[in-house]
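Structural overview for review
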Amino acid sequence: MSPFPAHGRTNDQRLAEDLAAQAGRLLTDLRVSRIDPDELGEFAESEAKSVICDRLAVARPDDVVYGEWDPDARARLDAERVWFVDPLDGVRSYCIEGRPDWAVHIALWAKDPEGVGEITACAIAMPAYGRVLTGRGATTYQPVSIIRGPRPGPLVPPREDDRLRIAVSESDPPVFAEELAESLDASLARLGSGGGKTATVVEDECDAYIHASGHHQWDSAATYGVVRQRGLHASRLDGSELVYNVEEIEYPDLLVCKQNVADTILEAVAKYV
C-alpha cells in the first residue's frame, strides 16, 4: 500500500513543500547578492540548510534531520521519523549565472503503525522556475516577478524526433552512456543536478535519467518519493529496490524513467552493471 494519502496532502507533505519553497526563495535571493562568487555555493548551501533545520527544530522537534553535514550520524537508524535534506543540489549550476538546473530536496522517511519505514512526504524545489515538484503535481510558490532576469525555458531543448531521450550528468556521465544511447537509438541530455534530471522525466522532457557515479541517501530520497508517487519507475540499475534509512549511506547508481521503457532500459543496461 502506498504511504501517500489517496486524496489531499498530509501536514508533513505540506511542510516538505513549504520548506523546499522557503529554501528556494532564499537561494534565489542569495544568487544575485554581492557575495564573493568563490564563496557563493558554500555560503548559500549553509544558509539554506540552516533555514530548513531551524524550521524543523520548531515544527518537528522530535524528528531526526539527516544530510551531508553529518553523514555518519547514527541516531537516524533508531528513529521513527527522519528528514532527508539536500539544501542545494547542483552547486556548480547554481554558481553559473543563468543556469536553472539546481534544486532543493526534502523527504520524510517514517514508520507506519506496523513499524515499516517508507518515504511518506517529499518535495523537490526548482527555484529558477518558481515551482516545487511533488508526487501530486507541480505547485507554484514563487511569482514570476521575484525571479531576477529572464525566465528560463525548458531544462532541455524541445524534442526533434520520437527517439528515447536520457538525462545524464554533465560532469560525470556513465562511462557507457554513449554506447547505451547508440544501442537504444536514444539521445542524451546532459544536466548538472539530480533534481534537474529528475524534473526532465517528471515533466516529460526526457524518458529516463541514469546515474552511475554514486549517490547518497539524502541526494535521492526526494527523487524516489516524487517519482514513485507519480507512478514512474525508480530503482538501482540492476532493477533492485532503493530502500532508505538503512546502514548503507551511498548507493552506486540510479534509474528514473517512465514505466513503459523501464524493462527496455534495464535490459540494455544490464551488461554494464
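Okay, so let's go over this structure. (Residues numbered from 1 in each chain as written. Predicted model: local features only at pLDDT ≥ 70, side-chain atom pairs only at ≥ 80, totals over all residues. Heavy atoms only, no water.)

Concerning the sheet that holds strand β9 (residues 208-211)
Our working definition: When DSSP finds two or more bridges between a pair of strands, those strands are recorded as paired. Helical segments are the DSSP runs of H or I of at least four residues, strand segments are the runs of E of at least two, and each set is numbered from the N terminus. With axes taken as lines fitted to C-alpha atoms, and helix axes fitted only over the stretch in contact, angles between N-to-C directions fall between 0 and 180 degrees. Only heavy atoms enter the contact rule, under which two residues are in contact if any of them lie within 4.5 Å.
Here we have five strands laid out as an open sheet, ordered β8-β7-β9-β13-β11, and mixed in their pairing. Pairing within the sheet leaves two strands with one partner each, and these edge strands are β8 (187-191) and β11 (233-235). Neighbouring strand axes in the sheet, compared pairwise and without regard to direction, differ in orientation by 20° on average. Judged from the two bridges that link them, strand β7 (residues 165-169) and β9 form a sheet pairing that is parallel. Looking at the pairing, Ile 166 lines up with Ala 208 of β9. Sitting on the sheet, helix α5 (residues 194-202) is in contact with β7, β8, β9 and β13 (254-257), with an inclination near 150° to β9. On the sheet, helix α7 (residues 259-269) packs against β9, β11 and β13 and is oriented at approximately 145° with respect to β13.

Looking at a negative patch on the surface
We count it as follows: Nonpolar side chains (Val, Leu, Ile, Met, Phe, Trp, Tyr) are joined into patches within 5 Å and like charges within 9 Å, using only residues with over 30% relative accessible area and no salt bridge. Calculation of accessible area relied on Shrake-Rupley with a 1.4 Å probe; when residues are assessed, cover is drawn exclusively from the protein chains displayed. The working definition used for a salt bridge is a side-chain nitrogen of Lys or Arg within 4 Å of a carboxyl oxygen of Asp or Glu. Counted as positive: Lys and Arg. Counted as negative: Asp and Glu. His and the chain ends are not counted at all. Here the site of a charge means NZ on Lys, CZ on Arg, CG on Asp, or CD on Glu. Summary of the burial criterion: residues with accessible area below 20% of their type's maximum are buried, those above 50% are exposed, and those between are partly exposed, where the area comes from a 1.4 Å probe applied to protein chains only.
Taken together, the side chains of Asp 36, Asp 38, Glu 39 and Glu 42 present a region of like negative charge at the surface. Mapped onto the elements, Asp 36 comes out in the loop between α1 (11-31) and α2 (37-59). With a relative accessible area of 35%, Asp 36 lands in the partly exposed category.

Remarks on the pairing of strand β4 (residues 117-126)
With eight of 10 residues buried, β4 lies mostly within the body of the structure. Where strand β3 (residues 103-111) meets β4, eight bridges bridge the pair, whose relative direction is antiparallel. Each bridged residue has a counterpart across the sheet, and for Ala 110 the counterpart in β4 is Glu 118. Note: β4 against strand β5 (residues 131-133), three bridges, orientation antiparallel. Bridging across to β5, Ile 124 finds its partner in Leu 133. Hairpin connection from β4 to β5: four residues lie between these consecutive antiparallel strands, with Gly 130 at a positive phi of about 65°.

Section: the packing of α1 against α2
Put simply, the rule is: The labels follow the angle: roughly parallel below 35 degrees, roughly antiparallel above 145, roughly perpendicular from 65 to 115, and oblique for the rest. When the near helix sits turned anticlockwise from the far one by under a right angle, the crossing is termed left-handed; a clockwise turn instead gives a right-handed crossing. Each residue gets one label: Ala, Val, Leu, Ile, Met, Phe, Trp, Tyr, Cys and Pro are nonpolar, Asp, Glu, Lys and Arg are charged, and the others, such as Gly, are polar.
Interaxial distance between α1 and α2 falls to 10 Å at its minimum, and their mutual angle equals 150°. Viewed along their axes, α1 and α2 adopt a mutual orientation that is roughly antiparallel. Seen from above, α1 lies across α2 with right-handed handedness. Contact residues: Leu 15, Asp 18, Leu 19, Gln 22, Ala 23, Leu 26, Leu 27, Leu 30 and Arg 31 in α1; Leu 40, Phe 43, Ala 44, Glu 47, Ala 48, Val 51, Ile 52, Arg 55, Leu 56 and Ala 59 in α2. For the contact of α1 with α2, the class distribution of residues is 14 nonpolar, one polar and four charged.

Here's the deal with the environment of Leu 27
Note that Leu 27 resides in helix α1. Measuring from C-alpha to C-alpha, the distance between Leu 27 and Glu 45 comes to 8.0 Å, with 18 residues separating the pair along the chain. The contacts of Leu 27, once residues within four sequence positions are left out, are Ala 44, Ala 48, Pro 87, Leu 88, Tyr 94, Trp 102 and Val 104.

A closer look at the state of the cysteines
Put simply, the rule is: Any two cysteine sulfur atoms lying within 2.5 Å of each other are counted as a disulfide.
Enumeration over the complete set of coordinates arrives at zero disulfides. With no disulfide partner, Cys 53 has as its closest neighbouring cysteine sulfur the one in Cys 122, 18 Å distant. The structure places no disulfide on Cys 95, whose sulfur is separated from the nearest cysteine sulfur, that of Cys 53, by 20 Å.

A look at the packing of aromatic side chains
Defined as follows: Pairing of aromatic side chains here covers Phe, Tyr and the six-membered ring of Trp, requires ring centres within 6.5 Å, and sorts the geometry by plane angle: under 30 degrees stacked, over 60 edge-to-face, intermediate tilted. Counted as over-ring charges are cases with an Arg CZ or a Lys NZ within 6 Å of the ring centre that also lie within 35 degrees of the ring normal.
Counted according to the given criterion, the structure contains seven aromatic pairs. Between Tyr 66 and Phe 84, the ring centres sit 5.7 Å apart and the planes meet at 85°, which makes this aromatic pair edge-to-face. Taken as a pair, Tyr 66 in strand β1 (residues 64-66) and Phe 84 in strand β2 (residues 81-89) lie far apart in primary sequence, 18 residues in all. Looking at Tyr 66, the relative accessible area reads 1%, which means it is buried. You can call Phe 84 buried: its relative accessible area is 1%. Between the aromatic rings of Phe 84 and Tyr 244, the centroid separation amounts to 6.4 Å while the plane-to-plane angle is 70°, which identifies the pairing as edge-to-face. Placement of Phe 84 in strand β2 and of Tyr 244 in the loop between β11 and β12 (250-251) is noted, with a sequence separation of 160 residues between them. Looking at Arg 76, its charged tip hangs above the ring of Tyr 66, at a distance of 4.4 Å from the centre.

Concerning the environment of Tyr 129
With respect to the secondary-structure elements, Tyr 129 resides in the loop between β4 and β5. A C-alpha to C-alpha distance of 14 Å links Tyr 129 and Val 202, two positions 73 residues apart in sequence.

Keep in mind these values describe shape, not function.
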